[in-house]
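# Descriptive structure summary
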Amino acid sequence: MKNVLITGGAGFIGSHVVRRFVVSYPQYKIFNLDKLTYAGNLQNLVDIENSENYTFLKGDICDADLVSEIFDLHRIDVVIHLAAESHVDRSIRNPNAFVETNVLGTVNLLNTARNAWKGSHNKLFYHISTDEVYGSLGAEGFFTESTPYDPKSPYSASKAASDHFVKAYGNTYKLPFIISNCSNNYGPNHFPEKLIPLAINNIRNGEPIPVYGKGENVRDWLYVEDHAIAIDVIVHKGEIGETYNIGGFNEWKNIDLIRLLCDIMDQELGNSVGTSQELITFVKDRAGHDLRYAIDAMKIKKELGWEPSVTFEEGLRKTVNWYLKNEEWLDNVTSGNYQKYYEQHYG
Ligand code: NAD
Ligand code: TYD
């Protein structure tokens, strides 16, 4: 029996993690704490929202009183912390929101866990982070768990700061923690401001697909359900005090990825090949745009037996089909209507 607090469970990755834990572990109680920002959407969880072992709690991880009340009331044993501001372009426009949620919110959760868990055993604070904390690679090499931190965007700086606080609480107060740093995820429920869902949505609407700079930047893509499986494996088999890199062994230049996505969209929409590629539009580059991310995920493979199970072609096709079947979801999130779902169901 475990009481598990998942933060940010209404977001993209969080919703897949919540579903996996609710369905796979009926003996656990799963609490989903989410502020429902623009990126949080309870429609992501309609299929499991009435499960007996699931409770949604609307709130801010920065609210110290609320978080300590949740720990007291629900006797939390495990925290899986995903709540964050997650989009690099937004962090360039408004870094403060990233400091508030990603740094101060994480420290607030750490303080609460530290106070609540004094003298107890079998507790875990699991912090979900990104490979972007390691900075940017040139054409060669990979990020390993011992690569020095060198964050370059306000987003990655805020995630690096939160990782450092988690490690510092482990060292100073012996808080039992694990951190994982994952590469770019894609899949259902991804908010259409990130490259893949933005491109799918724009192709659907016949709008330009903005490719920053020359499209030469490289990302390592992982299907979101494979990330949720890795998180499950780490909760159950990970070593306290360790960090694990999670990646897809799947590097793509943005322009090559977009061309492949265009071809898949053309096939699924019944367009002649090449139709969607006409929408590709090269635009001004992102400020301080990291050139390349690539994860060496051998530690988690060797020590915990995890590796990606979904190929990129298969994952992209599943993703495209999900968005084409869920056009209402896309229309709702792009118009902001999804917030009404919360009001109707939760008051
Ligand atoms: P997301 O933006 O889709 O979802 C974030 C969720 O957190 C939303 O539901 C939002 O409402 C909630 N939230 C934001 N601020 C909050 C606050 N102050 N209090 C409570 N809830 C709040 O993000 P995502 O892409 O699902 O990322 C989840 C986590 O995984 C983040 O910590 C991110 O840094 C990390 N991560 C993401 C990726 C990726 O490719 N998306 C890769 C590696 C790591
Ligand atoms: P994004 O999905 O924002 O993730 P991250 O910046 O965390 O890697 O962007 C992925 C890559 O795609 C990144 O190199 C920036 C680029 N990009 C575009 O070329 N056009 C876009 O409209 C967006 C959102 C991103």
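Here the structure is shown first, and the text comes after it.
Nothing here was measured: the structure is a model prediction, and the numbers come from that model. (Residues numbered from 1 in each chain as written. Chains lettered and ligands numbered in written order. Predicted model: local features only at pLDDT ≥ 70, side-chain atom pairs only at ≥ 80, totals over all residues. Heavy atoms only, no water.)

### Some details on the pattern of salt bridges
Side-chain pairs of opposite charge can arise where the charged atoms are in close proximity. Enumeration according to the criterion identifies 15 salt bridges in this entry. The residue Arg20 makes a salt bridge to Asp232 at a minimum N-O spacing of 2.9 Å. In this pair, Arg20 sits in helix α1 (residues 12-24) while Asp232 sits in helix α7 (residues 224-237), placing the two residues 212 residues apart along the sequence. In this structure Arg20 comes out as partly exposed when scored by relative accessible area, which is 28%. A salt bridge links Glu193 to Arg90; its shortest N-O distance comes to 2.7 Å. In this pair, Glu193 sits in the loop between β7 (184-186) and α6 (195-204) while Arg90 sits in helix α3 (residues 88-93), placing the two residues 103 residues apart along the sequence. (Salt bridge = Lys/Arg side-chain N within 4 Å of Asp/Glu carboxyl O. Helix = DSSP H or I, 4+ residues; strand = E, 2+ residues; numbered from the N terminus. Buried < 20%, exposed > 50% of the residue type's maximum accessible area, 1.4 Å probe, protein only.)

### Describing helix α10 (residues 312-325)
For α10, spanning 14 residues, the distance from its first C-alpha to its last is 20 Å, which sits close to the expected 20 Å at 1.5 Å a residue. The inward-facing, buried residues of α10 abut β7, α6, β9 (218-223), β11 (251-253), α8 (254-269) and α11 (327-335). (Expected span 1.5 Å × (residues − 1). Contact = heavy atoms within 4.5 Å.)

### Considerations on the layout of surface pockets
When its volume is computed, the second largest pocket comes out at roughly 210 Å³. For the second largest pocket, the lining is made up of 13 residues, of which Gln43, Val46, Trp322, Asn326 and Trp329 are closest to its centre. The set of elements that each furnish at least two residues to the lining of the second largest pocket consists of α10 and α11. Examining the composition of the lining of the second largest pocket, we find that three residues originate from one element, α11, more than from any other. Here the lining of the second largest pocket is built from residues that sort into four nonpolar, five polar and four charged. (1 Å grid on protein atoms, 1.4 Å probe; cavity = no way out; pocket = protein on both sides within 12 Å on 5 of 7 lines; lining within 4 Å. Points joined across faces, edges and corners; volume = space filled by probe spheres on them. Nonpolar A, V, L, I, M, F, W, Y, C, P; charged D, E, K, R; others polar.)

### Side note on the site of ligand 2
Near ligand 2 there are 18 residues, and of these Glu132, Pro210, Arg219, Arg286 and His289 occur at the shortest range. One nitrogen or oxygen atom from the main chain of Leu195 is found 2.9 Å from an oxygen atom belonging to ligand 2. At 2.9 Å from an oxygen atom of ligand 2 is found a side-chain nitrogen or oxygen belonging to Asn254. In isolation ligand 2 exposes 510 Å². Once the protein is present, 96% of that is buried. Elements represented by at least two residues in the shell around ligand 2 include exactly α3, α6 and β8 (209-212). By residue number, the principal contributor to the shell around ligand 2 is β8, which donates three residues. (Near = heavy atom within 4 Å. Polar contact = N/O pair within 3.5 Å; in protein donor to acceptor, adjacent residues only side chain to side chain. Areas by Shrake-Rupley, 256 points an atom, 1.4 Å probe, with all protein chains shown as cover.)

### What about the nonpolar core?
Of all hydrophobic cores here, the largest spans 46 residues; its most connected members are Ile6, Phe21, Ile80, Tyr126, Ile231, Ile246 and Ile300. For this core, the element with the highest residue contribution is α7, accounting for six residues. Judged by nonpolar contacts, the second largest core, of 32 residues, contains Phe191, Ala199, Ile280 and Trp329. (Core = buried A, V, L, I, M, F, W, Y, C linked by side-chain atoms within 4.5 Å.)

### So, the site of ligand 1
The immediate surroundings of ligand 1 are formed by 28 residues, with Ile13, Asp34, Ser86, Tyr155 and Lys159 found nearest. Measuring from an oxygen atom of ligand 1, one finds a backbone N or O atom of Thr37 at 3.0 Å. Here a nitrogen atom of ligand 1 and a side-chain polar atom of Thr101 are 3.0 Å apart. Compared with its free state, where it exposes 830 Å², ligand 1 has 97% of that area covered by protein. Examining the composition of the shell around ligand 1, we find that three residues originate from one element, strand β5 (residues 124-130), more than from any other. Here the residues of the shell around ligand 1 are counted per class, giving 12 nonpolar, 12 polar and four charged.

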